[in-house]
Amino acid sequence: MDDMKKRQVSFLGVKYIALVLLIIIIWETASITGVLPTYMLPAPHAILQLFIKKLSTGELLINVLVSIRRVFLGFLIASVIAIVFGILISVSANFEVVTSLLLQILKPIPPIAWIPIAIIWLGIGEQSKIFIIFIGAFFPILTNVIDGIVQIDKRYFEVSQTFEISRRKLITNVMIPAALPQVMTGLKIGLGNAWICVVAAEMIAATSGIGYMLMDGRSLSMPGQVILSMIMVGVIGKIMEDILRLIQNKLVKY
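Everything quoted here is computed from the prediction, not taken from an experiment.

Here we take up the overall build of the chain. Across its full length, the chain carries ten helices and zero strands. From first element to last, N terminus to C terminus, the chain shows the α and β order α-α-α-α-α-α-α-α-α-α. In summary, the chain has a C-alpha radius of gyration of 23 Å against a globular reference of 18 Å for 254 residues, an excess of more than 25%. Here the C-alpha coordinates of the chain stretch approximately 75 × 60 × 30 Å along the principal axes. Expressed as a percentage of the 254 residues in the chain, the buried residues total 37%. Considering only contacts in the chain between residues 6 or more positions apart, those separated by 24 or more positions represent 71%. Looking at the chain as shown, the accessible area adds up to about 15,400 Å², and 71% of this sits on carbon and sulfur atoms. Taking the average location of the 21 positive side-chain charges in the chain and that of its 14 negative ones, the two points are 2 Å from each other.

Following this line, the structure appears as structure tokens:
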């Protein structure tokens, strides 16, 4: 059975690689023949050369690390607060009543809409960007924590009451493990949102990061840099998602 799964994964990997190569070949051919003007969409080999150049100078690595650091800080803060809030809302009717209306009002506001007020409150430094990342990641995580706890089999709570298990043990030994699959889903969505938000924030007010690199390419009329930045955004986002999926597979036993 394991061998069959490995063969299926290998076959899928081959198909993915083949698809990417096919797209690159078509793209390169269209650029060489003039179907795609290079001033609009540079050829893959030109973007590869730009990638090597920016990697060798350290510019690309610095911008990537700056964005990842911002995402990590904002996502970590959002995760901790959202999980704590989700548990409190689930176990305390009073806390739910107090926070329910405020959260329902704030939740539909897109993270991008917070950028102007974040700049007014916190300036254009790191705090405003981390705040935007926090907003983007917080609500998906919170929603999934609450949903995960709500879906827990009520018999667990009945047994805990019968054996007079303390609330702390109920939370750590029952609620969190039982809600973990849903929590991990929230973390994956939150991380994806955090990465989108940091790029958006850097496009508006930043002097470093992938978003800044993208907008710098636009202002200098360098489509190659714009495309390279977009590719890096997609690749890094995919890697982040895969890392969380690996962690989920280790922690969650289906």
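So that's the structure; there's more coming.
Okay, the nonpolar core next. Val71, Phe75, Phe138 and Trp195 are the most contacted members of the largest nonpolar core, which has 53 residues in total. For this core, the elements supplying multiple residues, two or more each, are helix H2 (44–57), helix H3 (59–91), helix H5 (115–122), helix H6 (126–150), helix H8 (167–204), helix H9 (210–219) and helix H10 (223–251). In terms of residue count, the dominant contributor to this core is H8 (15 residues). Residues within four places of Phe75 in sequence aside, it is in contact with Ile133, Ala137, Ile141, Leu187, Gly190, Leu191, Ala194 and Leu244.

A few words now on a nonpolar patch on the surface. Residues Phe72, Leu73, Leu76, Ile77, Val80, Ile81, Val84 and Leu88 make up a contiguous nonpolar surface patch of roughly 640 Å² in combined accessible area. Mapped onto the secondary structure, Ile77 falls in helix H3. In this structure Ile77 comes out as partly exposed when scored by relative accessible area, which is 40%.

Overall, the coordinates contain six aromatic pairs when judged by the stated rule. Ring centres 5.4 Å apart and planes at 80° place the aromatic pair Phe85 and Phe95 in the edge-to-face group. Of this pair, Phe85 sits in helix H3 while Phe95 sits in helix H4 (residues 93–106), placing them ten residues apart in sequence. Plain terms: the ring middles of Phe138 and Phe139 are 5.0 Å apart, the flat faces sit at 80° to each other, and that makes the pair edge-to-face.

Attention now goes to the packing of H3 against H4. In contact at an axis separation of 6 Å, H3 and H4 are set at 120° when each is read in the N-to-C sense. Classed by the angle they form, the pair H3 and H4 counts as oblique. Note that H3 runs across H4; the crossing there is left-handed. Facing H3, whose interface residues are Phe85, Leu88, Ile89 and Val91, H4 presents Ala93, Phe95, Glu96, Thr99 and Leu103. Of the residues in the contact of H3 with H4, the class split is seven nonpolar, one polar and one charged.

With that settled, consider empty space enclosed by the protein. This model, assessed by the stated rule, comprises one cavity of 30 Å³ or more. Lining of the largest cavity is provided by Ile115, Ala118, Ile119, Ser128, Lys129, Ile132, Ala201 and Ala205. Contributions of two or more residues to the lining of the largest cavity are made by H5 and H6. A class-by-class count of the residues in the lining of the largest cavity yields six nonpolar, one polar and one charged.

Before going further, it helps to spend a moment on unusual backbone geometry. Most peptide bonds take the trans form, and the phi angle of most residues other than glycine is negative. Residues other than glycine seldom take positive phi values, yet Ser221 does so here, at roughly 55°. Among the structural elements, Ser221 can be located in the loop between H9 and H10.

Each value, and the rule that gives it
Residues numbered from 1 in each chain as written. Predicted model: local features only at pLDDT ≥ 70, side-chain atom pairs only at ≥ 80, totals over all residues. Heavy atoms only, no water. Helix = DSSP H or I, 4+ residues; strand = E, 2+ residues; numbered from the N terminus. Rg over C-alpha atoms; globule rule 2.2 N^0.38 Å. Buried < 20%, exposed > 50% of the residue type's maximum accessible area, 1.4 Å probe, protein only. Contact = heavy atoms within 4.5 Å. Areas by Shrake-Rupley, 256 points an atom, 1.4 Å probe, with all protein chains shown as cover. Lys, Arg positive; Asp, Glu negative; His and termini not counted. Charge placed at Lys NZ, Arg CZ, Asp CG, Glu CD. Core = buried A, V, L, I, M, F, W, Y, C linked by side-chain atoms within 4.5 Å. Patch = residues over 30% accessible without salt bridge, like charges linked within 9 Å, V, L, I, M, F, W, Y side chains within 5 Å. Salt bridge = Lys/Arg side-chain N within 4 Å of Asp/Glu carboxyl O. Phe/Tyr/Trp six-rings, centres within 6.5 Å; stacked < 30°, edge-to-face > 60°. Axes fitted to C-alpha atoms, helices over the stretch in contact; angles between N-to-C directions. Parallel < 35°, antiparallel > 145°, perpendicular 65-115°, else oblique. Left-handed = near helix turned anticlockwise from the far one by under 90°. Nonpolar A, V, L, I, M, F, W, Y, C, P; charged D, E, K, R; others polar. 1 Å grid on protein atoms, 1.4 Å probe; cavity = no way out; pocket = protein on both sides within 12 Å on 5 of 7 lines; lining within 4 Å. Points joined across faces, edges and corners; volume = space filled by probe spheres on them.

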